[in-house]
Structure formats: C-alpha cells, structure tokens
Amino acid sequence: MANILVLGAKVPFTSGGQEILVSTLIRELKARDHRVDLVDLPYQALPKEDLLRQAAYWRSIDFTSFGETKVDLVIATKFPTYYAKHPKKSLWLVHQHRPAYDLYAGRYSDISDDPRDEQFRQLIVQGDNKVIAECEYISGISKNVIERLQHYNQIVGEVLYPPLPMGNSYRTGEFQDYILSVGRLCSIKRVDLMLKAMPIVHGHVKLKIVGTPDEPGIMEYFQNEIAKHSLQSRIEFLGRVSEEDLLSLFANALGVFYAPHNEDYGYVTLEAFASGKPVLTAHDSGGVLEFVHHEQNGLILEPTIDAFGHAANRLVENKPFAEELGKNGKAFIEKEFSGAGWDRVIERLLSPLQGIGTERESIHIQSSQIVNG
Amino acid sequence: MSRVTQRKVRIGWFSPVNLPEKTSSTLSAYTTDLLLPQLRNEFDITVFHSGFQQYQDYKTAHFLSAAEQHSRDPFDLFFYQLEDHPESNFIRQYCGVMPGAIWFHDFLFTSHGPEPILNSPFEDVIEHFNSDTCDFRERGHEYKERERSGIREAGLSVLRVFSREIAHSECKRRVSSSLTFQEQENRILSAYLPVPIPDVSAPLFDAEDQFRILFCGSVQVEHRAHKLFQAIAALDPSTPVVWLCSLAEQHAAEELIKEYGLSSVQLLPERSPKKWQQLVEERGWRSVAAHIHFSVYGQTAPYLQMSLAAGLPTLISDFGGAEFLPDSLTFKIEPGQTESSQIQIVLEELLSKRVHVDSSAAADFARENFSKEQIGRELSFMVRQALPVLSEMNARWGKLHRAARDEVLDFALSVHLKRAEEDLFPQTSAFENSATNSSVTLASEQLQEIFQELGFSK
C-alpha cells in the first residue's frame, strides 16, 4: 500500500475527459488498497504569462509529505501538473500546452508573432523539457500524445491507453434515428461540423449533444446556426447527463459523431465501440484514428459539412451497414481492451516504487502495442 | 602549412516540402526540389518544415525547433518562401518571429493568414526594432484591420524577392514600415526573381501531326476555362484538348466540359509541374498552350515558363505581368467581351498554319530567364549581398527578444505580487505594512528562485 497523490489541473465549472481519467484512476488505485488523494488546482489559460506562474506554483509546493504522511509517489497528468517536484514522479500525460506545440500557427492557438509570445513559447518548451525528463516513469494516454512528446521535446514515453470509464456497463440497444455527440462544447471539438450538416441529413434524424460549453460565445454561435436553418426541433442540447443516461444514449444511437481537431485520445470513440456503434470522424482527428478504421468500425471523412451530412445519411439509409460497423467496433473493444486493463496501467504508473525508474532510459514508443489490452 | 576551411554560410530554409508519402501542391515545394541541389554546394542548409519527416538527405527539422537551434549554433540567414496556400500558413506566421529573407510567390493573399497573426503587432515591433527608446505596447491592444497583402511580412524582412514583377511593384507601393539599419539607409534589398524551371526539351513534331490544346488552369473563373472552351466550341468542338487539373476539381471540370459540348477533352486529374513538363515535351503533336489567367491572385508559374521553354505557341492574358513578356513570344489576349473571339482567331490561325511561331526564340528566352541554374546563381548573389545587413539584424533582433523575455517574466512576477499585495495583505498600520512588505518580498524572491531553477531567467 502506497501513499499516492494524483495531480490534476481543472478549469472550474467545466468537465471533460481529464476529470474522468483522474477520477477513475483514483477509484482504481483505492480499489487496490492504496491511499490516494487528488490535488486539483484551478487552471486559467489567460493571461498567457500567468501560465508560467502557475507552473512555478506547482513547483513551489513540497509534495514529499503532508503533516506526518509521507507521499510515496505523485502521478502527474496534464500541463502544468508535471512541474510538481517529487523524487518519485510518474507522468501519465494527457496533454501539454498545445498552443505552443501542435496547435501553433493555427486557429486554436493564441500565440502570435509578438516577440513576447515567442519568448513565452520558448519558456514553456524549455520548462517542459526539464520537468518531464525528471519523471521516473513517462507515459501518455495515446500514441498521438507520445509522438508529440518525442517530436517536440525529444522525450520518449510509453503509450498507456486509459480503460473505459464505465468498464463493462456499456450495452448495445436499438439503432434509433439520432446521431450522438459527446464532449465539451468548444471550437476544437468541432460539434458545429455535424450541427451544420443536419440540413443535409434526412429530416427525421436528430442530433443529440451531451456536454457543456466552456468557451465564450459558443452557444450563441450554435443557436445562430440552428435558427438559420430552422433546426430547433432536431437539435437537442442535453448538457451534463447521469452515467445511466449516457449509457442509454450510446446504446440507442444510430452513430456517434466525434471529429475534434487532432484529439489527444478520445474516450468517446471507445465508448461508442463498447456500445456497438459506429463513429463518424475526420482524417485530422488525431488520437481517434488510432482506433477508427474507415468502413470497418466507422467512417473517416473530410472535415466538411457535406462529408458529414452524407455520411450520416449513409447510416440512416443503410442500418445493416451501421450495425455491421458497430459490431466491428464492439469486437475491437473485446479484443484489445479487455483483459489486463487497469492492472497493467497501475502497474506501470507505480513502477517507480519498485525502483525501476531506470527503465525509462530504455522505454521506446510501442506504437503497435496497446498496453492496457 | 595548414589549409583554412572557410565556413559555409548557414541558411535555415523554410518551405513546405515534397515527401515520398505526401507531395505538396505548393510552388515552394517545387522550387525547393529544384534549387537546393545547386545551393547546397555553396551553403550549409537546414530545411525547416511543418512536419517531422526527413526531407531527402538534407538536415531537416520542424520549424519550431529553429529558435533553439539558432541559439546553439546561429544561422546566418532564415530564408522563407511565401505563397497564398494553407500549407504556407506556418511560414506566414513564423517569418515575423525570426525575420530573414522572403521569396514572395504571392504578395496579395486571399486570406489574412493564420488566426494568431490577425492582430499582429508588427508595426510596433518594427518601431521597437528601429528605435531603442520604444517600449512594447500594452497587451490587449486591437489593431485596425489590415489589407490582405504581404505588407507585414515584407516589413519584417531584410531581403525581399518576388517571383512576379508586378508583386515587386505592389510591395514598393504599399510597404511603408520596414526594419531599418543604422549604417545605411535603404539597406533592404528587393528584387524580382522568377520561378525556375528544369531543362525542358522542345518536342519534335511534323507539320502533319495533329493539333491540340494544352490547358492546366483551374475551373475557377479567373483561369478562363469557360472562355477557352467557348472559343473551341465555336471553332470545332472536336478539337483535341488536354486539361491537366487538380484531383479535387475533377468533377467540376467534367461538368464544364459537358456544358460546352466538347468531345475530345482528355482530363488528367493530376496537376503538377512534372506532369505538365511531360505534356509539353510529348512528341507527335502540334501543341498550343493556353495560360490565360486573369486575376491579381495567383500566377501561372512554372507552367507558362515550361511552355515557353518547349517553344510552344502560347496564349496568355494581356494583364498584370504580361507586360514583362515580349509581345513576339506569346499571343496576348485582352480580357473582356471579345476574349473568346480573340482566342478563337488565334487558334484558327495556328491550326491553319497561317501563323509561324519562332519556337526557338521563346525557348532561348525561357532558358536565359528561368533556368534553374540561372535562378540559383541569382539567388545566391542576392543572399550574399544581404549578409552584411544580416549580422546587424541578428544582433538587434536578439536584443529585442531579450527585452521581450524580460517583460514576460516581469509580468508573470508582477501578477503574483499584485495579488499578494492587494488581495491577501490589505494595508493597515505601518507595522503591518512592514511585515506585509517583507512577506511579499520573500514570496517574490521565492518565485524568482523557482523561475531560475526552471530556466526561466532573463
């Protein structure tokens, strides 16, 4: 039994994959009789210089003990939690500060050509290089995340896919006439692609959207598009739903839309598969493409309204095809994501406690190995 | 006696590139393939692009690693190729971060560029560079909307090269704010340098060989396919045409052909300079090339130049850069109401052989002006002319960035201090103020120490 702190950074009043990852990790550690707590500091992206202070703040905290309780291990997740200092630090990387890396010079980055922004970017990269390299164990939630780490920071890590958050609870129901979207409502998730495609989709089909907004103006934008095309009766914003409701929504969907830009991992993909449903995604959706194979368990499309509209119609007009894709997705989960699961994830994350931190010298990207399967 | 080896000039070459797994449709990738083999003999080149794949056998790196490489082993020059294409967006942003030389294949753009530079503070940065007394403007300032041209990019460059003469003129007319150098006024070098072409052979043909028209324009209206097809339909709808189009436009191209009832159009959805070269060199045809592009955006290079080099009779629009091509070498079509009639007349004359075209004159002109060897030599000369300015530029730009770093770190510290002072420790008595101040000072020192430990130092 070890005393373990899981380190999270959260934008208050929002919730997404990070929170699911952290909460399920804690649950599984506790189930294995470890003493675990969460250190979850608030995260604020603006002003950007403040991120340096937040990183330094993580650095300033003494994590080695609290009162008489010695902390045996810290597990860092996303930026800037890995700036924490501890002799036994594991990293299960969700993502770095992406505007400084893969999102640079694109619509999802706020780092401009201002010399101050460039210096800010260099400081972030410099800091990441230092603090990530000091981790005893380095892993990431997907091949996409680990490849970014290698390409931009020349740091090698292991792919450690998070198991499904609701374990074996997923089920396949009917193929009702709605497309399901699950995720935070912000521009990078590109829910507007499917929303704006709905005029092309057969009129009896709905789009059900689970998730809450975490970007100013996003709901106004969506409502504007809905009003423009009179889609009020076809688009449902469900906000946050209970686990049972979510399972039910997955179970009875015709298909699941999940096409974010260069996603880190994407629980939603695997949840769709576990529910026997095909996934509609885009060829630039990053981590999602580690699981979706075109016309086998989903459809990989151009990130255009037309493409998604016509793809949805394909499922509507040919339900046996949609069922076949879904069946293949479920088979994929049963083959690759059953078995060791959390046992393997926790064994790897806790490896520094076995004094095998030097293993990280020889950790290579295992691109074909699904570590938790 | 020891032999001293002169260090080669180090160039960071920024461009989209052609890779085995993915070819680029940019002009920049094409010129990179053509010129680097020659330039590498003279310069120590590292290719920076937006991916991580190795480019041929050149030193290759992701463009975001350029700053770190530069700090370890400085480059003498950063060389950018800029064009109106999404693949060039990373260059459009980054050429303002690490200034150098820019080869403008386009000066007018159809977009403002990647979102992060929409509110670029470039005028302030130029002023800061030009004047030691200038401070950085406060964050959050909103600049007025700029026109969609390369005035920002040109202002932040020390060597400006243009592959269209008309773009060169536009730049001189529009750019008012530039980096200046103390030693000499007007040290910014600015010149026309056309897109190079490989060795193109003139096709062999007999007078009895069949006549055909070669076209590689887009379906978009500025490429005038509709005017060309209207002329061909009026002349003879069975006239052989080869249309080299992009794969994305194949369906639209088929529709356009149907619309004009042309019966002998071979559509090749694989538009590339290499494919065009194959077509213009192809034996057994009396080929005529149509490059009747009519727009301030985009250009016909290198396709037009290849057609000239092959000595083909060539039609162009009498617009923009056409004035720089001798009248005797091309058939210039005035855009407007009589456009398709003019095209029809020219095609009729060529078909009937009533007009003789001196193919060798066009080929000689093309070789003299566009050969890759010639362009490589000129580019090399321009780079060397710019070198004295570059060392001054690099030193002063480094100073500007050190000031920027100081400001970033000061801001990060000051946010912390401000919160500590105002929110946590409201001022009451003198004694408490003293304790407060020493607490705040201690907190500030601790933060600075952590910054130092992380390498966040001035």
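Thresholds applied
Numbers given to residues run from 1 along each chain, matching the order in which its sequence is written. Each chain gets a letter, beginning with A, and each ligand a number, beginning with 1, in the order they are written. Since the coordinates come from a predicted model, pLDDT governs what is reported: local features require at least 70, and pairs of side-chain atoms require 80 or more to be given and counted, while whole-chain, interface and lining totals use all residues. Per the convention used, a helix needs a DSSP run of H or I reaching at least four residues, while a strand needs a run of E reaching at least two, with both numbered from the N terminus. Atoms counted for the radius of gyration: C-alpha only. Globule rule: 2.2 Å times the number of residues to the power 0.38. With C-beta atoms placed from the backbone, a residue is labelled by how many other C-beta atoms lie within 10 Å of its own: buried for 20 or more, exposed for 12 or fewer, partly exposed between the two. By the criterion used throughout, residues are in contact when their C-beta atoms, derived from the backbone, lie within 7 Å. When DSSP finds two or more bridges between a pair of strands, those strands are recorded as paired. Helix axes are fitted only over the stretch in contact, all axes being lines through C-alpha atoms; the angle between N-to-C directions runs from 0 to 180 degrees. Here the term right-handed applies to a crossover when the path leading from its first strand over the helix to its second strand runs clockwise, the strands being oriented away from the viewer. Note that the domain bounds were set by an automatic or database domain assignment. The residue classification treats Ala, Val, Leu, Ile, Met, Phe, Trp, Tyr, Cys and Pro as nonpolar and Asp, Glu, Lys and Arg as charged. All others, Gly included, are polar. A residue's pLDDT is the predictor's confidence in that residue, given on a scale from 0 to 100.

### Some details on the overall build of chain A
Along chain A, the regular secondary structure elements total 11 helices and 14 strands. Against the 2.2 N^0.38 benchmark of 21 Å for 373 residues, chain A shows a C-alpha radius of gyration of 21 Å, consistent with a compact globule. Within chain A, the proportion of its 373 residues that are buried is 49%. In chain A, 70% of the contacts between residues at least 6 apart in sequence involve partners at least 24 apart.

### Some remarks on unusual backbone geometry
Residue Pro47(A) follows Leu46(A) across a cis peptide bond; omega there is -5°. Within the element layout of this structure, Pro47(A) appears in the loop between strand S2 (35–42) and helix H2 (50–60). Cis geometry marks the peptide bond from Ala301(B) to Pro302(B), where omega comes out at -5°. Following the sequence through the fold, Pro302(B) ends up in the loop between strand S11 (285–291) and helix H10 (303–309). Of note, Ser230(A) is a non-glycine position whose phi angle comes to about 50°, a positive value. One non-glycine residue, Arg224(B), lies in positive phi territory at about 65°. As for its placement among the helices and strands, Arg224(B) is situated in the loop between strand S8 (210–215) and helix H7 (225–235). Arg224(B) sits in the buried class, given 27 other C-beta atoms within 10 Å.

### Section: the sheet that holds strand S5 (residues 73–76) of chain A
All names here are of chain A. Strand order in the open sheet formed by six strands is S2-S1-S5-S6-S7-S8, and the pairing between neighbours is parallel. Strand pairing shows two members of the sheet lacking a second neighbour, S2 and strand S8 (158–159), which therefore form its edges. As defined by bridge partners, strand S1 (residues 3–10) adjoins S2 across eight bridges and the pair is classed as parallel. Among the inter-strand pairings, valine 6 is bridged to a residue of S2, identified as leucine 38. In this fold helix H11 (residues 342–349) packs onto S5, strand S6 (89–93), strand S7 (137–140) and S8, with an angle of close to 140° to the strand it touches most, S7.

### Quick notes on the pairing of strand S2 (residues 43–49) of chain B
All names here are of chain B. Summarising burial for S2: six of the seven residues are buried, a large majority. Pairing between strand S1 (residues 9–14) and S2: six bridges, direction parallel. Across the sheet, residue phenylalanine 14 finds its bridge partner in S2, namely phenylalanine 48. Once the chain exits S1 it traverses helix H1 (residues 27–39) before rejoining the sheet at S2, and the crossover so formed is right-handed.

### Comments concerning the environment of Pro121(B)
Mapping Pro121(B) onto the fold places it in the loop between strand S5 (101–104) and helix H4 (122–130). The spacing of Pro121(B) and Glu392(B) is 271 residues in sequence and 22 Å in space, taken between C-alpha atoms. Contacts of Pro121(B), omitting those with residues within four sequence positions, involve Asp114(A), Arg137(B) and Tyr143(B).

### Regarding the domain arrangement of chain A
Residue and element names in this part refer to chain A. The domain architecture assigned to chain A consists of domain 1 (3–163 + 341–361) and domain 2 (178–336). Inter-centroid distance (C-alpha atoms) of domain 1 to domain 2 is 28 Å. Contact with domain 1, which involves 16 residues of that partner, is made by 15 residues of domain 2. At the level of secondary structure, the elements contributing two or more residues to the side of domain 1 that touches domain 2 comprise helix H1 (17–31) and helix H4 (143–153). Broken down by element, the residue count for the side of domain 1 that touches domain 2 peaks at three residues, all from H4. Its residues assigned to classes, the side of domain 1 that touches domain 2 shows seven nonpolar, seven polar and two charged.

### Overview of the confidence of the model for chain A
The predicted coordinates ought not to be read in detail in places where the model reports low pLDDT. A residue-level look at chain A finds 94% of positions with pLDDT of 70 or above and a mean pLDDT of 92. Taken together, the stretch residues 356–373 of chain A has pLDDT below 50 and engages in 41 contacts with residues farther than four places along the chain or on a different chain.

### Things to note about the domain arrangement of chain B
Interface size, as often reported, equals the accessible area lost upon joining of the parts. Residue and element names in this part refer to chain B. Parsing chain B into structural domains produces domain 1 (9–195 + 373–391), domain 2 (210–370) and domain 3 (401–454). The distance between the C-alpha centroids of domain 1 and domain 2 comes to 32 Å. Across the boundary between the two partners, domain 1 contributes 14 residues, which contact 13 residues of domain 2. Of all elements in the fold, only H1 and helix H6 (165–174) reach the threshold of two or more residues within the side of domain 1 that touches domain 2. A class-by-class count of the residues in the side of domain 1 that touches domain 2 yields seven nonpolar, three polar and four charged.

### A look at the interface of chain B and chain A
In this complex, chain B contributes 38 residues to the contact, which on the side of chain A involves 30 residues. In terms of residues, the side of chain B that touches chain A owes the most to one element, helix H13 (residues 372–424) of chain B, which gives 10 residues. Among the residues forming the side of chain B that touches chain A, the class breakdown is 24 nonpolar, 10 polar and four charged.

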